[in-house]
Amino acid sequence: MRVTRFYLLIITVLFTGVLVAQPTVQKGTRMSHLGGHASLQGLGGNLSNAGLSVASGNSFFATPKIALGFGFEFDWAPLTASYVGKIRLQRLVYGNADRRSSLLFDVHSELQRSMSTTLSGSRFGSRSGGAGLGMQYTWWLSETAGIYFWPQMSRTNGGPSGLWEWQLYLPFGVQWTWQKRK
């Protein structure tokens, strides 16, 4: 199969999935998300750094519009690693059974643990905290699966200086939703 035909097949499958998407949010609905990225950095043909980042989490709708959630992020590079835990309060502002997309606003609190290794082999770490806002847009491919884009702004002391600063994250990934069976 030629590459152009393969891309056409993917577009056709995604478009067909959008036509039947009907996510329904009600009390007891659960959502899970997973996202991440890998990166390579270099200069003039030489590799200077690599990294991996993974984020996942879960939300539970206590009412048809309000959800409580938690998340976990892991960032790794050859000399550094960090773990971030987040607790969220989310509000559904757009989307339900008659929409192909949804929009959630959230406020969150986070705790981070970072470990670094020097070139000589010694290790040191730090802990930090923060709070922020987010806005998650999900394009539903089916009744249970969608692709999200989730801009998040956090005020944290987890930056390189250790001083309080604003950090912006622009993750995207895959999200699932299901209703708990009684």
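See the structure printed just above.
On a predicted model such as this, the values are computed, not experimentally measured, just so you know. (Residues numbered from 1 in each chain as written. Predicted model: local features only at pLDDT ≥ 70, side-chain atom pairs only at ≥ 80, totals over all residues. Heavy atoms only, no water.)

Undergrad: What is the right way to look at the packing of aromatic side chains in this model?
TA: For any pair of aromatic rings, the description rests on two quantities: the centre-to-centre distance and the angle between the ring planes. In this structure the tally under the stated criterion is 3 aromatic pairs. With centroids separated by 5.3 Å and ring planes inclined at 35 degrees, the aromatic side chains of F74 and Y83 adopt a geometry described as tilted. The partly exposed category is assigned to F74, whose relative accessible area is 23%. Ring pairs connect the aromatic residues F72, F74 and Y83, which therefore count as one cluster. (Phe/Tyr/Trp six-rings, centres within 6.5 Å; stacked < 30°, edge-to-face > 60°. Buried < 20%, exposed > 50% of the residue type's maximum accessible area, 1.4 Å probe, protein only.)

Undergrad: Got a minute to help me understand the layout of surface pockets in this structure?
TA: The volume enclosed by the largest pocket comes to roughly 480 Å³. Considering the residues around the largest pocket, the lining is formed by 25 residues, among which H37, S53, D75, Y169 and P171 are closest to the centre. (1 Å grid on protein atoms, 1.4 Å probe; cavity = no way out; pocket = protein on both sides within 12 Å on 5 of 7 lines; lining within 4 Å. Points joined across faces, edges and corners; volume = space filled by probe spheres on them.)

Undergrad: Help me understand the pairing of strand β6 (residues 123-140), please; the structure alone is not making it clear to me.
TA: As paired elements, strand β5 (residues 101-117) and β6 share 17 bridges and run antiparallel to each other. For F105, the partnering residue across the bridge sits in β6 and is M135. What sits between β5 and β6 in their antiparallel hairpin is a turn of 5 residues, with G121 showing a positive phi close to 105 degrees. One ladder, built from 5 bridges, connects β6 with strand β8 (residues 152-156); its direction is antiparallel. Bridging across to β8, G134 finds its partner in Q152. As paired elements, β6 and strand β7 (residues 145-149) share 4 bridges and run antiparallel to each other. Within β7, the position partnered with Y137 by the bridge is F149. Adjacent in sequence and paired antiparallel, β6 and β7 are bridged by 4 residues. (Pairing = 2+ DSSP bridges. Helix = DSSP H or I, 4+ residues; strand = E, 2+ residues; numbered from the N terminus.)

Undergrad: Hey, could you run me through the pattern of salt bridges in this one?
TA: Pairing between side chains of opposite charge can happen when the charged atoms of each approach one another. Going through the model one piece at a time under the given rule, you end up with 3 salt bridges. D106 is the salt-bridge partner of R88, the closest N and O atoms lying 3.2 Å from each other. Remark: D106 occurs in strand β5 and R88 occurs in strand β4 (residues 80-94); sequence separation between them is 18 residues. R88 gets classed as buried once you look at its relative accessible area, which sits at 6%. Using a relative accessible area of 3% as the deciding quantity, one classes D106 as buried. One salt-bridge network, in which partners are shared between bridges, spans E73, K86 and E110. (Salt bridge = Lys/Arg side-chain N within 4 Å of Asp/Glu carboxyl O.)

No statement about biological role is implied by the geometric values presented.
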